[in-house]
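Listed here are the chains, written in short residue letters.
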Amino acid sequence: MGAHRRTCDWCGSGTPIVRDMDPLSADYQYWCEECARALIIKGDPIETYRELEGEPIYGRLLDDHCTLKRFYSFATA
């Protein structure tokens, strides 16, 4: 399946913007913007991630909504 055809692993309909590089479950690796925002607001953000759209959409979500002072890492490879 090509990346353009993949859907969010949580909602099943959104286009993924971020991939969790260290998921608790292999069933939930790809997250759309809405579901990723919900994770951050809930207090369970993705800590090791890869942006999928070429823009730092998830990074901006972390900046805008994350109040936790954890170390997050952007996976480059």
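The shown structure was predicted, so the numbers you read here are calculated from the model rather than taken from an experiment.

### What to know about the packing of aromatic side chains
For the structure shown, the criterion picks out four aromatic pairs. With a centroid separation of 5.4 Å and an interplanar angle of 55°, the aromatic rings of Trp10 and Tyr28 are classed as tilted. With Trp10 in the segment before β1 (16-20) and Tyr28 in the loop between β1 and β2 (30-32), the pair connects residues that are 18 residues apart, well separated along the chain. Using a relative accessible area of 35% as the deciding quantity, one classes Tyr28 as partly exposed. A centroid spacing of 6.3 Å and a plane angle of 35° characterise the contact between Tyr28 and Trp31, whose relative ring orientation is tilted. Cluster of aromatic residues (ring-pair linked, three or more members): Trp10, Tyr28 and Trp31. Over the ring of Tyr30 we find Arg6, and its NZ or CZ is 3.8 Å from the ring centre.

### Things to note about the packing of helix α1 (residues 33-42) against helix α2 (residues 57-65)
As a packed pair, α1 and α2 sit with axes 10 Å apart at the nearest point and diverge in direction by 35°. As for how α1 packs across α2, the hand of that crossing is right-handed. Contacts between α1 and α2 pair Glu33, Ala36, Arg37, Ile40 and Ile41 from the former with Ile57, Tyr58, Leu61, Leu62 and His65 from the latter. Across the contact of α1 with α2, the residue classes break down as seven nonpolar, one polar and two charged.

### Digging into α1
Within α1, burial applies to Cys35, Ala36, Leu39 and Ile40. What you see down the axis of α1 is that its buried residues fit within an arc of 140°, all on one side. Of the residues in α1, the exposed ones pointing more than 90 degrees away from the buried face are Glu34, Ile41 and Lys42. Residues of α1 that are buried in the fold lie against β1, β2 and α2. Positioned one or two residues after α1, Gly43 has a phi angle of 100°, which is positive.

Each value, and the rule that gives it
Residues numbered from 1 in each chain as written. Predicted model: local features only at pLDDT ≥ 70, side-chain atom pairs only at ≥ 80, totals over all residues. Heavy atoms only, no water. Phe/Tyr/Trp six-rings, centres within 6.5 Å; stacked < 30°, edge-to-face > 60°. Helix = DSSP H or I, 4+ residues; strand = E, 2+ residues; numbered from the N terminus. Buried < 20%, exposed > 50% of the residue type's maximum accessible area, 1.4 Å probe, protein only. Lys NZ or Arg CZ within 6 Å of the ring centre and 35° of its normal. Axes fitted to C-alpha atoms, helices over the stretch in contact; angles between N-to-C directions. Left-handed = near helix turned anticlockwise from the far one by under 90°. Contact = heavy atoms within 4.5 Å. Nonpolar A, V, L, I, M, F, W, Y, C, P; charged D, E, K, R; others polar. Arc of directions from axis to C-beta.

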